[in-house]
Amino acid sequence: MSDNRLTPLVLSQAERSTLENWAKRRSTAQGLATRARIVLECADGRSIVAVAARLGVARNTVSRWRSRFLARRLDGLSDEPRPGVPRSISDAQVEEVVVRTLEEVPEGSTHWSKRELARQVGISPTSVQRIWKAFGLQPWRTEDFKISTDPLLIDKIRDVVGLYLAPPANAVVFSVDEKPQIQALSRTAPVLPMLPGVPERRSHDYKRHGTIDLFAALNTATGQVIGKLSARHSAEDFRDFLAEIDRRTDPALDIHVICDNLSAHKAPAVHRWLLDHPRFRLHFTPTYSSWINQVERWFAELQRRCLQRGVFCSVDELTTALENWIEVWNAHARPFTWTATADQIIGRICRYCSKISGPAH
């Protein structure tokens, strides 16, 4: 059919406005946006050939959507129902899976498995898994939490986070803690090295050859670490470690030490030493809040990259490995970046407390 014999395509103001929105809006599906542009171009009096050339589509595509719009107006631009097997799971079954997952547990168990729930609802385990994925449900997972009961929780959070985000002038901030009872472990059989397609293999059982404690002070500005190894971690040992920090820090700088609430950190021997060294100031983290102490992040790196797969046949070997690790770390040290403000942390704690103190709990 030639363009001269085509039925004129005339748009109402409402139709033109809707089509223009579909054509411009980013959230519109690409196919629908193209169809809207086709109808708008045809409504402006352009021929099928001209519209096809302008939009880079086939002539048959322009003709088809022009005809469907004339027959059904805006509704004609929607996709037709696609052929295929009808959905076999009803909305009621989907709702039952979600409700049972959230509000019930199977008899004798603590949580649902997909097979147990599939038997109860009368659908396949794969369908249960798809529903769980669609609604973000993971009944096999659990997370632990511990809310600090420290009466000075808010003040301590603001104090410690303030040192991270706005450290004092003419001062250095150290994040300090101990990693006690580091074990010198060796495997009962030689470690088999990694091969192409085969990971490193080691025996499950091991031998213990003694332990050692590590004191560490992380400079929050540079990332460098002052370490001291000791056979124990008493108040006197902590006092001696503070003295080590004192010796290795510019005497013109004040020293702020972030540490936890271990009794050894508050013992009389430590108090007496602090009175004789007024440039030191201790800042205590809230109880049950080791996550706020940046040196814990460094301990995690130490565990993952040095200790977890290390083989040490004596305490001396372990000591050498730890000293080497600290030396290598300091040669390429970079600080950990703290981004959360005190208000953000306190806000999250308040929201979590509101959840666990609600009627359902």
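Owing to the predicted nature of the structure, the values given are computational and were not obtained by experimental measurement.

Enquirer: Before we go on, may I ask you to explain the overall build of the chain in this structure?
Expert: Each helix and strand in the chain was counted, giving 13 helices and five strands. The C-alpha radius of gyration of the chain comes to 34 Å, more than 25% above the 21 Å expected for a compact globule of 361 residues. The C-alpha extent of the chain, read off along each of the three principal axes, is 100 × 55 × 55 Å. When each of the 361 residues of the chain is scored for burial, the buried share is 37%. Considering only residue pairs separated by 6 or more positions, the chain has 66% of its internal contacts joining residues 24 or more positions apart.

Enquirer: Is there a simple way to explain the state of the cysteines in this structure?
Expert: Formally, a disulfide is one covalent bond, and it connects the sulfur atom of one cysteine to the sulfur atom of another. Taken as a whole and judged by the stated rule, the model has zero disulfides. Take C306: it sits in no disulfide, and the sulfur closest to it among the cysteines is that of C313, at 14 Å. For C306, a relative accessible area of 14% puts it in the buried group. In this model C350 remains outside any disulfide bridge; the closest cysteine sulfur is found in C353, 6.6 Å from its own.

Enquirer: Just checking my understanding: could you explain the side chain of D237 for this structure?
Expert: Here D237 shows up in helix α9 (residues 235-247). Setting aside its immediate chain neighbours within four residues, D237 contacts F215, S230 and R232.

Enquirer: What is the right way to look at the sheet that holds strand β2 (residues 206-219) in this model?
Expert: For sheets, the rule is that strands pair by backbone hydrogen bonds, running either parallel or antiparallel. Across the sheet, which stays open at both edges, the five strands sit in the order β3-β2-β1-β4-β5 with mixed pairing between neighbours. Single-partner strands in this sheet number two, and they are β3 (225-230) and β5 (280-284). Across the sheet, the mean angle separating the axes of adjacent strands is 30 degrees when strand polarity is ignored. The sheet contact formed by strand β1 (residues 171-187) and β2 spans eleven bridges and is antiparallel. Bridge pairing in β2 links E178 to F215.

Enquirer: Can you walk me through the pattern of salt bridges in this structure?
Expert: Should the charged atoms of two oppositely charged side chains come close, the side chains can pair. Per the stated rule, a full pass over the model turns up 20 salt bridges. Across the pair R304 and E301 runs a salt bridge whose closest N-O atoms are separated by 3.1 Å. Here R304 pairs with E301, and both are found in helix α11 (residues 295-307), just three residues apart, close to one helical turn. E301 gets classed as buried once you look at its relative accessible area, which sits at 8%. The closest approach of N and O atoms between R305 and E301, which form a salt bridge, is 3.2 Å. Note that R305 and E301 are positioned in helix α11 at a spacing of four residues, about one turn of the helix.

Enquirer: How should the nonpolar core be read in this particular structure?
Expert: Here is a general trend for soluble globular proteins: nonpolar side chains tend to be buried in one another's company. Grouped together as the largest cluster of nonpolar side chains are 22 residues, with contacts concentrated most on F174, V176, L242, I245 and F280. Per-element accounting of this core gives the leading share, six residues, to α9. With sequence-adjacent residues up to four places away left out, I245 is seen in contact with F174, V176, A217, I226, I255 and F280. Counting 20 residues, the second largest nonpolar core, distinct from the first, contains L218, C306, A321 and L322.

Enquirer: Help me understand the pairing of β5, please; the structure alone is not making it clear to me.
Expert: Put simply, side chains in a regular strand alternate between the two faces of the sheet. Both strand β4 (residues 254-259) and β5 contribute to a ladder of five bridges, which runs parallel. Bridged to I258 within β5 is H283. One crossover worth recording links β4 to the parallel β5 by way of helix α10 (residues 268-276), and it is right-handed.

Enquirer: Sorry, what's going on with helix α13 (residues 342-356) here?
Expert: In an α-helix, one full turn covers 3.6 residues, which means residues spaced three or four apart are oriented alike. Across its 15 residues, α13 extends 21 Å between first and last C-alpha, which sits within 8% of the 21 Å expected from 1.5 Å per residue. Of all the positions in α13, only A342, I345, I346 and G347 are classed as buried. Elements in contact with the buried residues of α13: α8 (153-165).

Enquirer: Can you help me understand the packing of α9 against α10 in this one?
Expert: A packed helix pair is summarised by two numbers, namely the angle formed by the two axes and the spacing between the axes. Orientation of α9 relative to α10, taken along the N-to-C sense of each, is 25 degrees, at an axis distance of 8 Å. Judged by the inter-axis angle, α9 sits roughly parallel to α10. Here the hand of the crossing between α9 and α10 comes out right-handed. Facing A235, E236, F238, R239, L242, A243 and D246 of α9, the residues of α10 in contact are A269, V270, W273 and L274. The residue inventory of the contact of α9 with α10, partitioned by class, reads eight nonpolar, no polar and three charged.

Enquirer: Is there a simple way to explain the packing of helix α2 (residues 30-43) against helix α4 (residues 59-72) in this structure?
Expert: Between α2 and α4, the shortest axis-to-axis distance is 9 Å and the interhelical angle comes to 80 degrees. Relative to α4, the element α2 is oriented roughly perpendicular. Here R35, I38, V39 and C42 of α2 come into contact with α4, specifically with T61, V62, W65, R66 and F69. Counted by class, the contact of α2 with α4 contains six nonpolar, one polar and two charged residues.

Enquirer: I tried to follow unusual backbone geometry on my own but got confused; where do I start?
Expert: It is generally the case that most residues other than glycine have a negative phi and that most peptide bonds are trans. Positive phi, normally seen in glycine, also occurs at N170, with a value near 55 degrees. Since its relative accessible area comes to 61%, N170 is described here as exposed. For Y288, which is not glycine, the phi torsion reads 60 degrees and is therefore positive. In this fold, Y288 is placed in the loop between β5 and α11.

Conventions adopted
Residues numbered from 1 in each chain as written. Predicted model: local features only at pLDDT ≥ 70, side-chain atom pairs only at ≥ 80, totals over all residues. Heavy atoms only, no water. Helix = DSSP H or I, 4+ residues; strand = E, 2+ residues; numbered from the N terminus. Rg over C-alpha atoms; globule rule 2.2 N^0.38 Å. Buried < 20%, exposed > 50% of the residue type's maximum accessible area, 1.4 Å probe, protein only. Contact = heavy atoms within 4.5 Å. Disulfide = S-S within 2.5 Å. Pairing = 2+ DSSP bridges. Axes fitted to C-alpha atoms, helices over the stretch in contact; angles between N-to-C directions. Salt bridge = Lys/Arg side-chain N within 4 Å of Asp/Glu carboxyl O. Core = buried A, V, L, I, M, F, W, Y, C linked by side-chain atoms within 4.5 Å. Right-handed = clockwise from strand over helix to strand, strands pointing away. Expected span 1.5 Å × (residues − 1). Parallel < 35°, antiparallel > 145°, perpendicular 65-115°, else oblique. Left-handed = near helix turned anticlockwise from the far one by under 90°. Nonpolar A, V, L, I, M, F, W, Y, C, P; charged D, E, K, R; others polar.

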